[in-house]
Structure formats: structure tokens, C-alpha cells
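Remarks on the overall topology
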Amino acid sequence: MNALTKSAVPAALVELPVQGMTCASCVGRVERALRKVPGVQDAVVNLATEKASLRLADPLQAQAVVPAAIAAVEKAGYAVPQRRFDLQVGGMTCASCVGRVERALKKVPGVQSASVNLATERASVEASEGTDLQALIAAIAKAGYEAAPVAGAGDSAAQRQAAERAALRRSLIFAAVVALPVFLLEMGGHMVPAFHHWIAGTLGTQNSWYLQFALTAIVLFGPGRRFFEKGVPALLRGAPDMNSLVAVGTSAAFAYSVVATFAPHWLPEGTVNVYYEAAAVIVALILLGRFMEARAKGNTSEAIRRLVQLQARTARVRRDGTVQELDIAQVRAGDVIEVRPGERIAVDGEVLEGSSFVDESMISGEPVPVGKTAGAEVVGGTVNQNGALAFRATKVGADTLLAQIIRMVEQAQGSKLPIQALVDRITMWFVPAVMAAALLTFAAWLIWGPSPALSFALVNAVAVLIIACPCAMGLATPTSIMVGTGRAAQMGVLLRKGEALQQLRDARVVAVDKTGTLTKGRPELTDLLLAEGFERGAVLAQVAAVEDRSEHPIARAIVAAARARGLDIPAVQSFESVTGFGVRAMVDGSRVEIGADRFMRELGLGVDGFAADAARLGDEGKTPLYAAIDGRLAAMIAVADPIKPTTRAAIDALHALGLKVAMVTGDNRRTAEAIARQLGIDEVVAEVLPGGKVDAVRRLKAEHGILAYVGDGINDAPALAEADVGMAIGTGTDIAIEAADVVLMSGDLGGVPRAIALSKATMKNIRQNLFWAFAYNVALIPVAAGLLYPVNGTLLSPVFAAGAMALSSVFVLSNALRLKRFRP
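Every residue gets a number counted from 1 within its own chain, in the order that chain's sequence is written. Only residues with pLDDT of at least 70 get local features here, since the model is predicted, and only at 80 or more are side-chain atom pairs given and counted; chain-wide, interface and lining totals rely on the full set of residues. The basis for the side-chain values is all heavy atoms of the structure; hydrogens and waters are excluded.

1. With respect to the overall build of the protein
The line we're drawing: Going along the chain from the N terminus, every DSSP run of H or I of four or more residues is numbered as a helix, and every run of E of two or more is numbered as a strand. Each residue is placed in one exposure class: buried if its accessible area under a 1.4 Å probe, protein chains only, is under 20% of its type's maximum, exposed if it is over 50%, and partly exposed if it falls in between. Note on contacts: a residue pair qualifies if any of its non-hydrogen atoms lie within 4.5 Å across the two residues. Areas reported as accessible are Shrake-Rupley estimates using a 1.4 Å probe. Residue values count occlusion only from the protein chains shown.
The helix and strand inventory of the protein stands at 30 helices and 29 strands. Expressed as a percentage of its 824 residues, the buried residues of the protein come to 53%. Within the protein, contacts between residues separated by at least 24 positions form 68% of all contacts whose residues are at least 6 apart in sequence. Counting every atom, the protein has about 35300 Å² of accessible surface; 58% of that belongs to carbon and sulfur.

Below, the structure written as C-alpha cells:
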């Protein structure tokens, strides 16, 4: 979708990069596909440059034609490479600003989609490989906002937010100090008659009005200038926003008061009043709301800041025969890094020397430290505890797991849920509708209102303008997403796509892979049952000695068990593999033979003594092996892929949430059903290839509804992509993680019920926020317009309207922040 941005190129010409073409027939195929797209006059494809030049019938239709052209190229079997732009957008104050920036970005040729988030103040743009960044920035500037590329998740965003809060705090204090005398001079007399008489007798009413004029002008053209600088240009462009509402409301009150002060004869008799206090106090109250919003928004992005703070600043690196303290940016893959007790591990790596326990709770959500010895992997950002380690750096900079986590959390926090589409459509028309309502209010009071009708008309129209700010609407969804995804990251659940938050809430069935998801993913010795007269350690050492000659996973599990018990594995002589039966060898002068029951019968040994235990192991999905020593049956051995200790509790938690659980595995049916019985799994789909897993996912979706699939292997990637929500075990393969919507960093199934419970809590929080934001406006706009005046004489002062408007935004933000305390 690359738009040509050079001035020499005609406006009706658009270029698309096309990948996958290999010959002239490919060129012809792409050209034919593009020429069929409505709005494309002509298409010329160049194989050498791998670009397609489109001449459009109407340049203004590029926004619609370009996505259709991309779809046509992809349908023809080729690819249009995409690029993601992340922009920091300044100057947005309400939900209508979000829609305006999105529309401006989508008009840039080459842009396929644009999503703007008010809470994070960021725009995410999907465009073609060659789309010009400056064209995007210029489009935002033309819409009346500032934009700059996001450099990364450093301290710059936090510093910018801190500077904004400091500026708002200064403006708020100044406005409050100056507005207070105005409020006291005008409203004090209404509340305390004696004070009114004292002002009239000392300062004089006219002099009081002069003083109020001067102080209010200072407030409006000092701290309040920001509303005019943003609001008036937006109004002139025909795209009013919240700033426009404030600017029109306060300037109307101020202008009317100025006329009453300096040219009262211009006003009808009985309407000469001043409303300086309304203009001044409204500015102060809205600045208070903005300041509280800024503080709360800073708290919503706390998860990102905490992750950034986990990054080490320096590392002790072995170079040129010495240990040097280097900045983290100077560390290279392959460097050997030393870590002392209590220090933070700088980058990802593999332990070479030493042993210690490492606190990995920041990536897994699990508080128990993990033992590390030579060969173990360590993750940057985790904390070394009681021992010294030396490790080789394997991933540095943006490739570390922590950097990837930060990117995933940022992308999820900037996502838009499907529920937000409705909110955006409403808020785009909300501000113009409010201005129309204010005009109708003014006209209705001027025509039918009691005397002084002009004063009533002005005050009520200003109240409507001020109370109807759509800030709360714009913040309702993104703030909950920010806090919810941040809390999820702290619990070891990374949402790669924010949409998963909404879909998880509606999940009806969870399909899980077996190996590596329900189980540990590696065989372990689970049972060693001895015949009479044999000693456990001696038998295990001799069996391990024979199996040490084999690379089979079962053999490796037996050897690992012997070494874990500290047994010395003796030497082996005359090793022999007996095809179809087992293996035999001489160990310390003893003949050791290992195999299935048929091998024992071949040797003339009965296994009936182990029959009951063999049946039990079979029901547990384990396959028994037998060992004979010097012609006597010595032991029955079972090796299996053990179930993770947390799996049963996770399955029970999913059932408690009302979900069905299905196992989809390539393993044999007997083993799968045995594990399903142990765990209480509702349905088993066994002995399926990767394509069969996809078919199983489709069938389960059709039968039960929205489905979440949990897996960890390469063979799970197609099923993860097919599921409504794909959830990858974080200890699994990179391919599975890339195909997933959610990554469970803890490596166990317990993250699934945690993620679903958090999804339900977040969506409930969003619904509360939206209800409050919309109900507030629906209820109070008619009150501000004076609908209750004929009933009981109730009118809403513009000052109270400003206070209520500020409180609505603060309420929404405070409600979203409650998710920080979520416990599954």
C-alpha cells in the first residue's frame, strides 16, 4: 500500500510493493487482478522493482481502493508487505479527537488501518513497506494535533507525562488562586447578604465588576489559553472538540459580562448581570479535572514503567582478560557476564559457572525462586539470589525476553476492542450534537423563558456546553484495557492482542494439547517396583548403565533418575540390542536384560507377580518395562510424561468458570483417556495430526461456541491460529508463541483460568465505565438545559456543571484503576 509521496508523481498514482513474483506470467496475473479493482484505471507491474503502479480514477477514493487492491493481490497468490508505525499524538483531549486523528490517518494513501488510543496518546498505523512517516505526521498536524514517532519504551514517555502533569499543576494553582477572589466577590454576596452590602458600601458594585473582569481575563488568557488555542481552530475546521465546548462556553459568559460591565445600555432592561465567576471557575475546575486525569493516566501505564525499570543499566563483562563494567547497550551476544548475589541479570543467557536460585516472578508470576546451574537458561531482568553466576549472553537489546514482553504489553494496551467501535461512532457526532443542543437551549429560553430571558438563555446554554464533555466516554475503554493488560503481565499472562481480552470473556470451551501443556513434556521415571530380594539403588544403577547406551527418551529418563539420586553408573560390557524385544548387557559381571513383557516370556520369566500393578499403570496411561538380572525378574519400571502439579487445579478452575475442557492430542487414545480420567477432562480427541487438530478446533467451535486453544509445540501452531483465542505456553516453541494471541509465561495451565477471570473482570469494568459515562450525559444534559425548571425550579449552574464534568472523568479512571488490585 505504498503511496508515492514525491511531488513529481501525479496525485492519482499509487505504488504497491508486491512480493512472490518470479516470472512474466506472475506480472500479468497481478496486473489483471489489479485492473479488475473498482476505481483502478490502469495497473503496471514491474518484476525487477517488485512494484505495482496504480492509476486511480479518483485520487480521493484511495482510502477505499488501496485496501481492495491489496486484497486482490493477495487473492492472486502474492503478498503486499506491511509495516507498522507507532506515533505519539499530542493535543487529544476527548473521544472526538480520537476519531478525527484516525480519519486523517486513513486518508493518507497507503494506510490500511489506523487505531488511536486516548489513554496512551498513541496511534498505531498499518501501512505498506514504503509509506512515508512524514506524510502520517503531516496528516495529524493538519487535523490540529502534534505527532512524533515513538522511540521505544524508555523513560521518554514517562518524562513527557511528568512534564505535562507539572505544567497542569502550575496552571491549576495559578487559575485557582486568581479565580477564588472572583468567586467570592460575586457568589459571596449571593450566599451572605451582609457581605454583598459590605462590597457595595466599600468597593462598589461597578468597581467589583471591573476587578472581576481583570482577574477573569488573566485566567482565560493565561491558564485558559490552551482551550482557545485548540478549540477555536477545531471549530473553524468544522470539527469541534471538548476544547471547543469550553472555549465557546467560557467566552460566551465572559463576553456577556464584558457588555454588562462596559456597555450595559446594549442589553435589554433587567438583563444586566455578570457571569465572570462562571468563566473563571469553569477554567479552574476543568484544569483540576485534567490534572487528576493526567495523574490517573500515569498510574494506568505503571505496568510498562515497572517492566522498563526491571532492565539492568550495566553489566560486568569479561573482556580482554579482565572484568569490565559496561553500559547494557555495549553488551554483545556471546559475552560472558558475571552476576553477584542480589544483582539483576542483565540479558538473556546460558549459565556457564556457579549455582544459585533466581527470582523469575517478573516473567512467570510464580514467587518460588528457580535453581540455576551450568547449562540452565537465565532471563534478563530477573534477580539472582544467593550464589554467584557466570553466563554467556545469548540475546541482547531488543531481542531479550523482557524487551519482547514490553513490546507485547504496549501493543495490547494500545489495542481497541470490538466494543470500542460503537463508542467511537457515537462520540464522533457527540460534540456537534451538544453544540446544537446548546443553541436550541439558548433559543428556547430566549423565546419562552421568564424575565430576564437573555440571562437565563446564556447561563443554561453555557451549562449544556460545559457538562457534556465526552472525556469520560473516550477514556472508558482504553484505561480499563491498559490497567487490565498490565495486571495480566504481572500475573504472567501476556496478551499479544488486546482483542483477546474481550473474546476470552465469551469463551465456552478450552481445548488443550497434552504433551508440554497438561504434562511436563519430557519423560520421567515414575515407578520402580522391585521383586523380592533386590535392592532399589543397585537395580536402578545397573538398569541405568544399560540404558545409558541408548538415546531413546525413555532410556534418557531412567539415566536422569539414577543421576538425580546420586548413584554411580557402572561400566557396561557386551551391549546388545535384541530387535523387537529389548536390550541386554553385562554390568559388573551381571547379565542385565530390559524390555517389555514379551521379552521376559522369551527369557522364560513370568511377570504374573506384577499383573495388578501393570493393570494399574496401564489405567494411568503408563507402559511398564521389566528388568531381569542374572536370569531372575528383578523389577518393573514405568516411565511416563508426568502431569504438571498445577494442571488439576487449573482444570478445576476452568470448570468452576463454567467452561468445558477438551484434550486434543496426537498421542494414543488409551494414554490420552487415562490422563483425561485423572484430570476430569470432558472430551478427548486423540491420535490426530496437526491438520486434524485444526478440524477438531472447528468442530468444537461449531458445537460449543467461542473456543480458546492452549498448546506449546510447532504442531499446535495451526490450531492456535484457527482458535478464537490462541494461548501458547511460554516455555514452548517460538512458532507456537507467534501464532498465539495470549502467552502464558508461567509455563503451566494455571494461567488460563487467571486470564479468563481477568478478562471477565476487565469487560465488567468497561461496561461500568461506559454506563457511567453515557448515563451521566443522558441524565445531566437535560438538567443543564433547564428541563426541570418548570417542575421544581431547578437550574444547573455552569460552575457545578464544570465540577460534575471533571468528576465523571475522574470516576471512570478511578474505576479502571481498581483492576490493579485484581486477584483471580
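2. Details of the sheet that holds strand 5 (residues 111-117)
Inclusion rule: In this description, strands pair whenever DSSP reports at least two bridges between them. Simply put, an axis is a line fit to the C-alpha atoms, just over the touching stretch for a helix, and the angle between two N-to-C directions goes from 0 to 180 degrees.
The 4 strands lie next to each other as 5-6-4-7, forming an open sheet whose pairing is antiparallel. Two strands bound the open sheet, and with one partner strand each, they are strand 5 and strand 7 (146-149). In this sheet, neighbouring strand axes are inclined to one another by 25° on average, regardless of whether the strands run parallel or antiparallel. Bridge count between strand 4 (residues 82-90) and strand 6 (residues 122-128): 7 bridges; the pairing is antiparallel.

3. Structural notes on the environment of A68
Of note, A68 is situated in helix 2 (residues 62-75). Taking relative accessible area as the criterion, A68 reaches 32% and is therefore assigned partly exposed. A sequence separation of 29 residues divides A68 from G39, and the C-alpha atoms of the two residues are 9.5 Å apart.

4. Re the nonpolar core
Condition: Only buried Ala, Val, Leu, Ile, Met, Phe, Trp, Tyr and Cys residues count toward a nonpolar core, and they belong to the same one when joined by side-chain atoms within 4.5 Å.
One finds M92, L105, V510, V710, M727, V742 and V752 to be the most contacted residues of the largest nonpolar core, which totals 132 residues. Here this core takes 13 residues from helix 28 (residues 751-785), the largest share from any one element. Each residue touching M92, except ones within four places of it in the same chain, is listed here: C97, V98, V101, V116, N117, L118, E121 and Y145.

5. Section: the packing of helix 9 (residues 242-262) against helix 15 (residues 453-467)
Our working definition: To sort the angles, those under 35 degrees are grouped as roughly parallel, those over 145 as roughly antiparallel, those from 65 to 115 as roughly perpendicular, and the leftovers as oblique. It is the rotation of the near helix from the far one that decides the hand of a crossing: anticlockwise by less than a right angle makes it left-handed, clockwise makes it right-handed. Ten residue types, Ala, Val, Leu, Ile, Met, Phe, Trp, Tyr, Cys and Pro, are classed as nonpolar, four, Asp, Glu, Lys and Arg, as charged, and the remainder, Gly among them, as polar.
Where helix 9 meets helix 15, the closest approach of the two axes is 8 Å, and the angle between their N-to-C directions is 160°. If you check the angle between helix 9 and helix 15, you find them roughly antiparallel. Seen along the crossing, helix 9 lies across helix 15 with a hand that is left-handed. Side by side, helix 9 and helix 15 meet where L245, V246, V248, G249, A252, A253 and Y256 of the first sit next to L454, S455, L458, V462, L465 and I466 of the second. Split into classes, the residues belonging to the contact of helix 9 with helix 15 amount to 11 nonpolar, 2 polar and no charged.

6. Examining a nonpolar patch on the surface
Quick note on the threshold: Exposure above 30% relative accessible area and the lack of any salt bridge qualify a residue for a patch; like charges then connect within 9 Å, and the nonpolar side chains Val, Leu, Ile, Met, Phe, Trp and Tyr within 5 Å. Each salt bridge in this description consists of a side-chain nitrogen of Lys or Arg and a carboxyl oxygen of Asp or Glu lying within 4 Å of one another.
A contiguous nonpolar surface patch, about 390 Å² in accessible area, is contributed by L446, I447 and W448. With respect to the secondary-structure elements, W448 resides in helix 14 (residues 418-448). Its relative accessible area of 70% is what places W448 among the exposed residues.

7. Focus: the UniProt feature "transmembrane region" (unreviewed entry) in the protein
Selection rule: UniProt positions are given in the numbering used here, feature names are shortened, and annotations may be inferred rather than shown by experiment.
The residues that UniProt annotates with the feature "transmembrane region" (unreviewed entry) are residues 172-195, 207-224, 245-267, 273-292, 426-448, 454-477, 770-789 and 795-817. Within the segment residues 207-224, helix and strand shares are 83% and 0% respectively, and the terminal C-alpha atoms sit 24 Å apart. Along residues 245-267 the backbone is 78% helical and 0% strand, and the end-to-end C-alpha distance reaches 25 Å.

8. Focus on the packing of aromatic side chains
As a reminder of what qualifies: Each pair of aromatic rings taken from Phe, Tyr and Trp, with Trp reduced to its six-membered ring, is defined by centres within 6.5 Å and is described as stacked if the planes are under 30 degrees apart, edge-to-face if over 60, and tilted in the remaining cases.
Considering all chains together, one arrives at 13 aromatic pairs under this definition. Ring plane angle 80° and centroid distance 5.1 Å describe the contact between F213 and F262, whose orientation is recorded as edge-to-face. A residue pair is termed long-range when its members are at least 10 positions apart, and F213 in helix 7 (residues 205-221) and F262 in helix 9 qualify at 49 residues. Overall, F262 belongs to the partly exposed group, its relative accessible area being 44%.

9. Notes on the sheet that holds strand 22 (residues 590-595)
What the 6 strands build is an open sheet, ordered 19-24-23-22-21-20; its pairing is antiparallel. Looking at strand neighbours, the two that pair on one side only are strand 19 (524-530) and strand 20 (572-578), the edges of this open sheet. Across this sheet, the average inter-strand angle for adjacent strands is 20°, counted without regard to direction. In this structure, strand 22 lies alongside strand 23 (residues 623-629), joined through 4 bridges in antiparallel fashion. Residue pairing across strands places I594 opposite A627, the latter belonging to strand 23. Relative to the sheet, helix 20 (residues 553-564) contacts strand 19, strand 23 and strand 24 (632-640), its axis offset from that of strand 24 by approximately 105°.

10. Description of the confidence of the model for the protein
Should pLDDT be low for a region, the predicted coordinates there are not to be read in detail. This is how it is decided: Known as pLDDT, the predictor's confidence for each residue is given on a scale from 0 to 100.
Here the protein shows a mean pLDDT of 81. Residues at 70 or above account for 86%. In the model of the protein, helix 27 (residues 734-739) stands out as the element of lowest mean pLDDT, 61, in contrast to strand 18 (residues 509-512), which has the highest, 94.

11. So, the pairing of strand 27 (residues 707-711)
With 5 of 5 residues buried, strand 27 is to be regarded as a mostly interior element. Here strand 27 shows no split at all, with L707, Y709 and G711 on one side and A708 and V710 on the other all buried. Both strand 18 and strand 27 contribute to a ladder of 4 bridges, which runs parallel. Looking at strand 27, one finds that V512 is bridged to V710. Here strand 27 pairs with strand 28 (residues 725-729) via 4 bridges, running parallel. Counterpart to A708 in the pairing with strand 28 is V725.

12. Some words on helix 4 (residues 133-142)
The test is simple: The arc in question is the one traced by the directions running from the helix axis out to the C-beta atoms.
All of the buried residues in helix 4 are L136, I137, A139 and I140. In a view along the axis of helix 4, the buried residues occupy a sector of 160°, so they form one face of it. A positive phi of about 105° marks G144, the residue just after helix 4.

13. Regarding the packing of helix 7 against helix 9
Between helix 7 and helix 9, whose axes approach to 10 Å, the crossing angle comes to 150°. Judged by the angle between their axes, helix 7 and helix 9 are roughly antiparallel. Once helix 7 is placed against helix 9, the crossing between them reads as left-handed. Mapping the contact onto sequence places Q206, W209, Y210, F213, T216, A217, L220 and F221 in helix 7 and T250, F254, V258, A260, T261 and F262 in helix 9.

14. Here we look at the pairing of strand 16 (residues 389-395)
Direction of pairing for strand 10 (residues 336-339) relative to strand 16: antiparallel, over a ladder of 4 bridges. When the sheet's bridge partners are listed, V336 is paired in strand 16 with R392. By the bridge criterion, 6 bridges tie strand 11 (residues 348-354) to strand 16 in an arrangement that is antiparallel. Along strand 16, the bridge assignment pairs E350 with R392.

15. Comments concerning helix 8 (residues 225-236)
Keep this limit in mind: Each residue after the first adds 1.5 Å to the expected span of a helix.
Counted at 1.5 Å a residue, the expected span for helix 8 with its 12 residues is 16 Å, and the 17 Å between its end C-alpha atoms agrees. Restricting attention to buried positions, one finds in helix 8 the residues F227, F228, G231 and A234. Viewed end-on, helix 8 has its buried residues packed into an arc of 155°, placing them on one side of the element. Downstream of helix 8 by one or two residues, G238 has phi in the positive range, about 75°.

16. Some words on unusual backbone geometry
In this chain, S451 is followed by P452 through a cis amide linkage whose omega measures -5°. Position of P452 among the secondary structure elements: in the loop between helix 14 and helix 15. One non-glycine residue, D588, lies in positive phi territory at about 50°. Take D588: it is sitting in the loop between strand 21 (582-587) and strand 22.

17. Quick look at the pattern of salt bridges
The final tally for this structure, using the stated rule, is 27 salt bridges. A salt bridge links E524 to K520; the nearest nitrogen and oxygen atoms lie 3.6 Å apart. Exposure remark for K520: the relative accessible area of 30% places this residue in the partly exposed category. In this structure, R669 and E673 form a salt bridge, with 3.2 Å as the shortest nitrogen-oxygen distance. Taken as a pair, R669 and E673 lie in helix 24 (residues 669-679) at a separation of 4 residues, close to a single helical turn. Judged by its relative accessible area of 33%, R669 is partly exposed. A residue is classified by how much of its surface remains accessible, and E673, at 31% relative accessible area, is partly exposed. Shared partners join several salt bridges into a network, and the residues in it are E576, R584, R591 and E593.

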